[in-house]
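# Examining the three-dimensional arrangement
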Amino acid sequence: MSIKAQWTANRYTITFANTGDEVMNPITQDYGTAITVPEEPDRTGYTFNGWIGMPEDGLMNAEDIEVFADWSVNKNDITLDAGEGKFADDSSIFMEDDVPFGTVLSGIVPLEPTRDGYEFTGWVDAQGNPATIPTTMPDEEINLTATWEIKEITVTFDANGGKFADDSKEKDVTGEYGSEIEVPADPTREGFNFKGWNGLPADGKMPKEDITVTAEWEAVVKTYTLTIDAAGGKV
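The model shown is predicted, which means the values in this text are computed figures rather than measured ones.

### Details of the nonpolar core
What tends to happen in soluble globular proteins is that the nonpolar side chains get buried as a cluster. Ranked by internal contacts, the top residues of the largest apolar core, which has 15 residues, are Ile78, Leu80, Leu105, Trp123 and Ile142. Looking at this core, the elements with two or more residues in it are β5 (75-81), β6 (93-100), β7 (118-124) and β9 (142-150). Considering each element in turn, this core owes the most residues, four residues, to β9. Leave out the neighbours within four places in its chain, and tryptophan 123 touches Leu80, Asp81, Phe87, Pro113, Asn129, Pro130, Ala131, Ile133, Leu144, Thr145, Ala146 and Thr147.

Okay, structure coming up:
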């Protein structure tokens, strides 16, 4: 009589770690069988490169094992277009390439651009939709353009001791940057001739910021005739 041994393959478990945005259930298989590798995991801002610790021959080991997802961080570019404005370094375009996902941007992007005679009103994306610069780098490129609104400028005319026709000592004239300044009628001052406005822009256009211009005066020189009557005598 002969007796033949019978064997049953042991079963072992693979546990998946560092799987990003999802939880992956362990798999249990017979020793020596081809490992049924699950679908690649997802992780926002990262690219999956494979499993660290997975048996090279693709067969179940004779022990439980834990494998780890291997990731590389995604990198994208930043482009900020100041349009007709400029950044602190006088450039109109800011570019930064290959910024890793999740990077804090406060130390990378420049301060808001400036433009003479205009207020910076924000950013728009490539489709013209309002946008903001995020706090950290997203999983996509940043491509934004500055938007501007023309300033309303005030020029204050100071009569400087004189007065205008309505007895006021000052007059404010308001208009858009670059527009013609509507100069009020000349003020008057007793004993003086009006000479003009000190500080008024030579081109007659609204400057990039509020200003005060001052009346200039010249004293009136009067000539008098003195007649001496000697009353029968002589001088």
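### With respect to the pattern of salt bridges
Tallying each qualifying case throughout the model produces seven salt bridges. Of the charged contacts, one joins aspartate 167 and lysine 163 as a salt bridge, the two residues approaching to 3.5 Å between their closest N and O atoms. Residue glutamate 180 is joined to lysine 205 by a salt bridge in which the shortest nitrogen-to-oxygen separation is 2.8 Å. Pair noted here: glutamate 180 is in the loop between β11 (170-176) and β12 (192-198) and lysine 205 is in the loop between β12 and β13 (211-219), with a separation of 25 residues, a long-range link.

### What about the side chain of threonine 156?
In this structure, threonine 156 sits in strand β10 (residues 152-158). Since its relative accessible area comes to 14%, threonine 156 is described here as buried. Aside from chain neighbours lying at most four places away, what touches threonine 156 is Glu170, Lys171, Asp172, Ile211, Thr212 and Val213.

Thresholds applied
- Residues numbered from 1 in each chain as written.
- Predicted model: local features only at pLDDT ≥ 70, side-chain atom pairs only at ≥ 80, totals over all residues.
- Heavy atoms only, no water.
- Core = buried A, V, L, I, M, F, W, Y, C linked by side-chain atoms within 4.5 Å.
- Buried < 20%, exposed > 50% of the residue type's maximum accessible area, 1.4 Å probe, protein only.
- Helix = DSSP H or I, 4+ residues; strand = E, 2+ residues; numbered from the N terminus.
- Contact = heavy atoms within 4.5 Å.
- Salt bridge = Lys/Arg side-chain N within 4 Å of Asp/Glu carboxyl O.

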